[in-house]
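Chains, contacts and geometry: an overview
Residues per chain, in single letters:
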Amino acid sequence: MAQLPFASRIRVTSPYGWRTLNGKRGWHGGIDLVGEDYVIRASVGGTVVVSQIVTDTSNATWEWGNYVCVLGDDGYYIYYCHMAERRVVAGQRVRAGDILGIMGNTGFSQGDHLHFEVRNGQNQTLDPAAYLGIENKVGELRTDEPEPEESNTAWSDEAVAWATENGIIYGDGNGNLMLDEPCTRRQMATFLHRFAQSIGKA
Ligand SMILES: [Zn+2]
């Protein structure tokens, strides 16, 4: 499963498909995304096959500005366009989540955004929203996991209390648990066992 190309919150600003832009009806071959943190990440692992900017406007590719194309290990070609900066070069291997570049406004673009496009081996575009497992419509996407509620950690209290009493871990006074002096293999194994048991009881 492909992952979203930003680790931060994302806004879908223009869906895939037919749209009217500046009064002209046109085909939008990708989906436009705006990531809060501007850092564009690989949706799937693969090999960078293109990392360039085309400035010759007789070549339609100039519209993509600074763009990166990754041939994913799933066989699809993923295009990341309009970047302010590219951080990978052609031939480079990337894993899902690796930084490809910084979101920008290069090429044919009105404002900072990522044009995210998916093509198959026949060079046909696919619905990138379906590829990412999101809805193909304008809206906010939350990708940051909410912090677990304090009450949800109650199940681990017993194991933590035991490990503290036995000098394996200690609180640093800032709400963090620190590992004490290197503990023995047996102490760690016992702690992990009790911890796993306490999860099972929750
Ligand atoms: Zn676009």
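Cut-off values and rules
Residues numbered from 1 in each chain as written. Predicted model: local features only at pLDDT ≥ 70, side-chain atom pairs only at ≥ 80, totals over all residues. Helix = DSSP H or I, 4+ residues; strand = E, 2+ residues; numbered from the N terminus. Buried ≥ 20, exposed ≤ 12 C-beta atoms within 10 Å, placed from the backbone. Domains from an automatic or database assignment. Pairing = 2+ DSSP bridges. Core = buried A, V, L, I, M, F, W, Y, C linked by C-beta atoms within 7 Å. Contact = placed C-beta atoms within 7 Å.

1. Comments concerning the overall build of the protein
A tally of regular secondary structure across the protein gives three helices and 16 strands. By principal-axis analysis of the C-alpha atoms, the protein measures approximately 70 × 35 × 30 Å. Counting over 202 residues, the protein shows a buried share of 26%.

2. Comments concerning the domain arrangement of the protein
What the domain assignment reports for the protein is domain 1 (10-141) and domain 2 (150-201). Once you take the C-alpha centre of each, domain 1 and domain 2 turn out to be 44 Å apart.

3. A closer look at the pairing of strand β12 (residues 114-119)
Among the six residues that make up β12, five are buried, leaving the element largely enclosed by the rest of the structure. In terms of strand pairing, strand β4 (residues 31-35) meets β12 through three bridges, oriented antiparallel. The partner of L33 across the bridge, within β12, is L114. With five bridges joining them, strand β8 (residues 77-83) and β12 adopt antiparallel strand pairing. Note on β12: the bridge partner recorded for Y77 is R119. Bridge count between β12 and strand β13 (residues 125-126): two bridges; the pairing is antiparallel. By the bridge assignment, V118 is partnered in β13 with L126. Joining the antiparallel neighbours β12 and β13 is a turn of five residues, in which N123 adopts a positive phi near 65°.

4. Some remarks on the pairing of strand β2 (residues 17-21)
The buried fraction of β2 is low, at zero of five residues. Relative to strand β3 (residues 24-28), β2 runs antiparallel, the two sharing five bridges. Residue R19 lies in a different strand from β3, and its bridge partner there is G26. Linking β2 back to β3 in an antiparallel pair, the connection comprises two residues, with N22 at a positive phi of about 55°.

5. Remarks on the nonpolar core
Counting residues in hydrophobic clusters, the biggest one holds 29 residues, and the most contacted among them are Y67, V68 and Y80. Secondary-structure elements contributing two or more residues to this core are β1 (10-14), β4, β7 (66-72), β8, β12 and α1 (128-132). Ranked by residue count, the leading element in this core is β8, at five residues. When sequence neighbours within four positions are dropped, the list of residues in contact with Y67 reads Y79, Y80, C81 and M83.

6. Describing unusual backbone geometry
Positive phi outside glycine occurs at Y38, with the angle close to 70°. In this fold, Y38 is placed in the loop between β4 and β5 (39-41). Judged by local crowding, Y38 falls into the partly exposed class, with 17 C-beta atoms found within 10 Å. With a phi close to 65°, N123 is a non-glycine residue in the positive phi region. You can see N123 is positioned in the loop between β12 and β13. Owing to 7 C-beta atoms within 10 Å, N123 belongs among the exposed residues under this scheme.

7. Comments concerning the sheet that holds strand β9 (residues 85-86)
An order of β5-β11-β9 is seen for the three strands of this open sheet, with the pairing classed as antiparallel. For this open sheet the edge positions go to β5 and β9, each flanked by a neighbour on one side alone. Examined bridge by bridge, β9 and strand β11 (residues 99-102) share two bridges and lie antiparallel to one another. Bridged to R86 within β11 is G101.

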